[in-house]
Amino acid sequence: MFNDSGWTADDLPPQAGRNVVVTGANSGIGFEAAKAFAAEGAHVVMACRSVERGEDAKAEIEADYPGASLTVRELDLADLDSVAAFADRYATEYDALHVLCNNAGVMAVPRSETADGFETQFGVNHLGHFALTGRLLDVLRRTSGETRVVTQSSMAHESGEIDFDDLQHEDDYDKWAAYGQSKLANLLFAYELDRRLRAANAAVASVACHPGFAATNLQYRGPEAEGSRLRLLAMKAANAAVAQSARAGAWPLLYAATHPSIDGGEYVGPGGLLNARGHPEEQSSSERSRDEATARRLWSVSEDLTGVAFDLPAPGDD
Ligand SMILES: NC(=O)c1ccc[n+]([C@@H]2O[C@H](COP(=O)([O-])OP(=O)(O)OC[C@H]3O[C@@H](n4cnc5c(N)ncnc54)[C@H](OP(=O)(O)O)[C@@H]3O)[C@@H](O)[C@H]2O)c1
């Protein structure tokens, strides 16, 4: 059932002296990743849209690891002002950032819009993280030692397409197509960031990952918002019967963030049954996700939409 790497969170190298930001750290994979980093001595900034849920999660980690070094900070990826406020505050409080985990997300929710008028899945999963990374780039580049940006995608990227004519899915909203688009955007962003960082000789690596299928709250948000008891029950049954634990779902992210074999541009996922579970390994992602022209176009559109311009020219630009 599991592939051979055998790698788990227990193999995480010591993290003392390192700062890690995890978005969506109060729940599911982000929570497990925050716990694993803290258990190894990192200082973890838990970036959560609800400070209250973040503080509850922090207390839960501290109960297991009384010496854990954790700070909860508000970050609502559905609001670019909140993203800017989070990044500004981070830059005044810390002078280093070793790992940025772009992990938070929503899946297959009914159509709604962020504070800035973006379709929620595209806005939260992609544009919010795009803006966050751009705003934290200076501190990432100032950091000495191993520095990485890890962006969480999904196997759902395989069916995703970037609809440049209707990026916000205003016509004929399909919640799964919108999720697929957002998760494909995560990969196009991670790989384009890798190319731009390399072209700039920046000592920061950009890596992508996916968790396979892990039992978290992700699957419940859509049915809850739709008020669909049947879909909620079906999701709960699938989580109980098929999904791996959230703890195992965090392994690809932790591997991508710390494994010495990673140097940027990789895609890490579970190597077991159908790549839905198991120990992490490097995998290949869809052809569409590696399309450089699409990535470049999406980058430019994302800069326009968010108003966040990266100080990283595209490879080949002067
Ligand atoms: N679980 C899986 O099988 C699976 C499969 C493929 C990909 N993924 C990806 O894994 C990532 C983590 O998901 P998960 O499974 O751990 O789900 P989860 O348990 O629902 O966690 C999602 C996290 O994202 C946060 N979040 C949602 N909207 C946000 C916003 N506007 N601003 C800031 N944070 C926000 C949530 O906060 P609240 O708790 O406040 O809602 C929560 O902390 C997502 O990117 C997802 O697409 C998961």
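What you are looking at is a predicted structure, and each value in this text was computed from that prediction instead of being measured. (Residues numbered from 1 in each chain as written. Predicted model: local features only at pLDDT ≥ 70, side-chain atom pairs only at ≥ 80, totals over all residues. Heavy atoms only, no water.)

**Description of the overall build of the protein**
Assigned secondary structure in the protein consists of 10 helices and 8 strands. A compact globule built from 318 residues should have a C-alpha radius of gyration of about 20 Å, and the protein, at 18 Å, falls within 12% of that. Of all 318 residues assigned to the protein, the portion counted as buried reaches 58%. For the protein, the proportion of contacts with a sequence separation of at least 24, taken over those separated by at least 6, is 76%. Here the protein has roughly 13,100 Å² of accessible surface; of this, 46% comes from carbon and sulfur atoms. Averaged over its 27 positive side-chain charges, the protein has a centre that lies 3 Å from the centre of its 48 negative ones. (Helix = DSSP H or I, 4+ residues; strand = E, 2+ residues; numbered from the N terminus. Rg over C-alpha atoms; globule rule 2.2 N^0.38 Å. Buried < 20%, exposed > 50% of the residue type's maximum accessible area, 1.4 Å probe, protein only. Contact = heavy atoms within 4.5 Å. Areas by Shrake-Rupley, 256 points an atom, 1.4 Å probe, with all protein chains shown as cover. Lys, Arg positive; Asp, Glu negative; His and termini not counted. Charge placed at Lys NZ, Arg CZ, Asp CG, Glu CD.)

**Some words on the pattern of salt bridges**
Going through the model one piece at a time under the given rule, you end up with 15 salt bridges. Close ionic contact of Glu226 with Lys175 constitutes a salt bridge, the shortest N to O distance being 2.8 Å. With a gap of 51 residues between them, Glu226 in helix H6 (residues 218-226) and Lys175 in helix H5 (residues 175-199) connect regions that are remote in the sequence. Owing to a relative accessible area of 33%, Glu226 belongs among the partly exposed residues under this scheme. Glu292 serves as the salt-bridge partner of Arg195, at 4.0 Å between the closest nitrogen and oxygen. Pair noted here: Arg195 is in helix H5 and Glu292 is in helix H10 (residues 292-306), with a separation of 97 residues, a long-range link. Looking at Arg195, the relative accessible area reads 16%, which means it is buried. Through salt bridges that share partners, Glu192, Arg195, Arg196 and Glu292 make up one connected network. (Salt bridge = Lys/Arg side-chain N within 4 Å of Asp/Glu carboxyl O.)

**Brief notes about the site of the ligand**
Close to the ligand lie 29 residues; Asn26, Ser27, Arg49, Arg53 and Thr216 are nearest. A distance of 2.7 Å is found between an oxygen atom of the ligand and a side-chain nitrogen or oxygen belonging to Asn26. In the environment of the ligand, an oxygen atom lies 2.8 Å from a nitrogen or oxygen atom belonging to the backbone of Ile29. Those elements that place two or more of their residues in the shell around the ligand are helix H1 (28-39), H5 and H6. Per-class residue counts for the shell around the ligand are 12 nonpolar, 13 polar and 4 charged. (Near = heavy atom within 4 Å. Polar contact = N/O pair within 3.5 Å; in protein donor to acceptor, adjacent residues only side chain to side chain. Nonpolar A, V, L, I, M, F, W, Y, C, P; charged D, E, K, R; others polar.)

**Details of a negative patch on the surface**
The grouping of Glu161, Asp163, Asp165, Glu170, Asp171 and Asp172 at the surface amounts to a negative patch. Structurally, the position occupied by Asp163 is in the loop between strand S5 (148-152) and H5. (Patch = residues over 30% accessible without salt bridge, like charges linked within 9 Å, V, L, I, M, F, W, Y side chains within 5 Å.)

**Describing the sheet that holds strand S2 (residues 43-48)**
Overall, mixed pairing links the 8 strands, which are arranged S3-S2-S1-S4-S5-S6-S7-S8 in an open sheet. Because the sheet does not close on itself, it has two edges, and the strands there are strand S3 (69-74) and strand S8 (280-282). Direction aside, neighbouring strands of the sheet carry axes that sit 20 degrees apart on average. Strand direction decides the pairing type here: strand S6 (residues 205-209) and strand S7 (residues 267-270), joined by 2 bridges, are parallel. The residue of S7 that forms the bridge with Cys209 is Val268. Across the sheet, H5 is in contact with strand S4 (99-102), S5, S6 and S7; its angle to S6 comes to roughly 160 degrees. Where helix H9 (residues 251-258) meets the sheet, its contacts fall on S4, S5, S6, S7 and S8, and the angle it forms with S5 comes to roughly 160 degrees. (Pairing = 2+ DSSP bridges. Axes fitted to C-alpha atoms, helices over the stretch in contact; angles between N-to-C directions.)

**Focus: the pairing of S2**
Remark: a regular strand shows side chains that alternate across the two faces of the sheet. For S2, the buried fraction is high: 6 of the 6 residues fall into the buried class. Across the two faces of S2 the burial is the same, with His43, Val45 and Ala47 and Val44, Met46 and Cys48 all buried. The sheet contact formed by strand S1 (residues 19-23) and S2 spans 5 bridges and is parallel. Within the sheet, the bridge partner assigned to Val20 lies in S2 and is Val44.

**Brief notes about unusual backbone geometry**
A positive phi is found at Asp172, a non-glycine position, where the angle reads about 50 degrees. Residue placement: Asp172 occurs in the loop between S5 and H5. Residues other than glycine seldom take positive phi values, yet Leu274 does so here, at roughly 55 degrees. Summarising the element assignment, Leu274 is placed in the loop between S7 and S8.

**Observations concerning the packing of H6 against helix H7 (residues 229-241)**
Running from N to C, H6 and H7 cross one another at 165 degrees; their axes reach a closest spacing of 8 Å. The angle between H6 and H7 falls in the class roughly antiparallel. Regarding H6 and H7, the two cross each other, and that crossing is left-handed. Between H6 and H7, the contacting residues are Gln219, Tyr220, Gly222, Pro223, Glu224 and Glu226 on the first element and Arg231, Leu232, Met235, Lys236 and Asn239 on the second. Of the residues belonging to the contact of H6 with H7, the class tally is 4 nonpolar, 3 polar and 4 charged. (Parallel < 35°, antiparallel > 145°, perpendicular 65-115°, else oblique. Left-handed = near helix turned anticlockwise from the far one by under 90°.)

Read these as geometric descriptors, not functional statements.
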